[in-house]
Amino acid sequence: MAFKNKFGALIALTLFCIYSFANAQEFPPKKTITIVVGFAPGGSADSAARLIAKKLSEDLGQNVIVDNKPGAGGNIAHAYTANATPDGSVILFGSIGPLSIAPHLMKLPYDPQKDLAPLTMGVTFPNVLVVTPELGVKNLKEYIAMAKKNPGKITFASTGSGSASHLQGELLNVRADIDTTHVPYKGGSPAMIDLLGGRVSSYYSALATADPYIKNGKLIPIATTGPKRAPTLPNVPTIAESGYPGFDAVNWYAFVAPAKTPDVILEKWNKALVAVLNDKAINKQLSEHGLTPNPGSREDLAKYIASQSTTWGKIIADRKITAE
């Protein structure tokens, strides 16, 4: 009798493990799917995630929601996802800061390249270097000439120490051999207010933030930071074409999942997300927000995150940048 009981328990345990394994491989998971975003509602990351979530819900026939977990420059959301149940029900719209920059600035409770599995690049977008007419420069050449004549006196605003906008300014310092002074702010709004008020000389601004002031003549766009001209600013040259070939400093959001998520689920997520990002209607809507969809393979994203980490890690070390 004891043998039968043990044998029966073993069969039950085996069947439970088989069921659990099979259930873990299901895609889409038979429960609400969550896209975690590390920023507050209303920003570019949140807007893009909600567009994508709506289309995913239609494609998968499953409820897909966006869960905003702002704070610590996005690190709270990334740590949450790294420790989430790895069954495919939680994915993260991750960003350049926590995935490639923050590890060089602070001790994190997770390792971006070990605890998060790449799914696909999501969207990329450059910043635009803007100045007020009062500064007296109209292009990047004049801006750099002024900086060389006045070492340390030209200031540039950013959305915080170690942010993408900060590192873009430091990269130009290195590439152009100039000394402009960084002024960190706690977000784009206060940075823009001080630029318009003449308290800082320049700002590596998000396109959407700067656009209304460019249109009304209060700001002059000097150059954009990406490898190609921004579709919304076709007449504004890139820094790369303004004398600094290879300058490529874009912001980006990419999809990642908990690292222990089964490979079969990761592959299915890649296919589902790539399909959405290639959808013409989604492309158009994202472009209207100044975002360029860049779907690709899991392997490509892993290599890109690693290369970005190397690039910005060197800038952080060379310029002796520290967290706020």
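Just so you know, the residues in each chain are numbered from 1, in the order the chain's sequence is written. In keeping with the predicted nature of the model, local features appear solely for residues at pLDDT of at least 70, side-chain atom pairs appear and are counted solely at 80 or more, and the whole-chain, interface and lining totals rest on all residues. Just so you know, side-chain values use all the structure's heavy atoms and leave hydrogens and water out.

On to the environment of Met-192. Helix and strand assignments come from DSSP, with helices taken as H or I runs of at least 4 residues and strands as E runs of at least 2, each series counted from the N terminus. Mapped onto the secondary structure, Met-192 falls in helix H8 (residues 188-196). A sequence separation of 90 residues divides Met-192 from Ala-102, and the C-alpha atoms of the two residues are 24 Å apart.

Next up on the list: the pattern of salt bridges. Definition used for salt bridges: Asp or Glu carboxyl oxygen within 4 Å of a side-chain nitrogen of Lys or Arg. Under the definition given, this model contains 15 salt bridges. Of the charged contacts in the structure, one is a salt bridge between Lys-284 and Glu-288, with a shortest N-O distance of 2.7 Å. Note that Lys-284 and Glu-288 are positioned in helix H11 (residues 280-288) at a spacing of 4 residues, about one turn of the helix. Beyond isolated ion pairs, a larger network of salt bridges with shared partners links Lys-55, Asp-59 and Asp-279.

For the rest of this paragraph, the subject is the sheet that holds strand S1 (residues 33-37). One requirement defines pairing of two strands: DSSP has to find at least two bridges between them. In spatial order, the strands read S2-S1-S3-S10-S4-S11; together these 6 strands make up an open sheet with mixed pairing. On the outer flanks of this sheet lie strand S2 (64-68) and strand S11 (292-293), each paired with one strand and no other. By the convention used here, residues are in contact when the closest approach between their heavy atoms is within 4.5 Å. Here, axes are lines fitted to C-alpha atoms. For helices the fit covers the stretch in contact, and angles between N-to-C directions go from 0 to 180 degrees. Against the sheet, helix H10 (residues 263-277) makes contact with S1, strand S3 (90-95), strand S4 (116-125), strand S10 (251-258) and S11, and its axis sits at roughly 10 degrees relative to S4, the strand it touches most. Against the sheet, helix H12 (residues 298-318) engages S4 and S10, with an angle of about 75 degrees to S4.

The next thing to look at is the sheet that holds strand S8 (residues 202-206). Strands sit in the order S7-S6-S8-S5-S9 across an open sheet of 5 strands; the sheet is mixed. Looking along the sheet, the strands with just one partner apiece sit at the ends: strand S7 (181-184) and strand S9 (220-224). Direction aside, neighbouring strands of the sheet carry axes that sit 30 degrees apart on average. Note that strand S6 (residues 155-158) and S8 share 2 bridges and pair parallel. Paired with Phe-156 across the bridge in S8 is Ser-202. Those strands touched by H8 are strand S5 (127-131), S6 and S8, and its axis lies near 140 degrees from that of S8. Contacts from helix H9 (residues 207-215) reach S5, S8 and S9 within the one sheet, and its direction differs from that of S8 by about 115 degrees.

Purely geometric stuff here, so don't read any function into it on its own.
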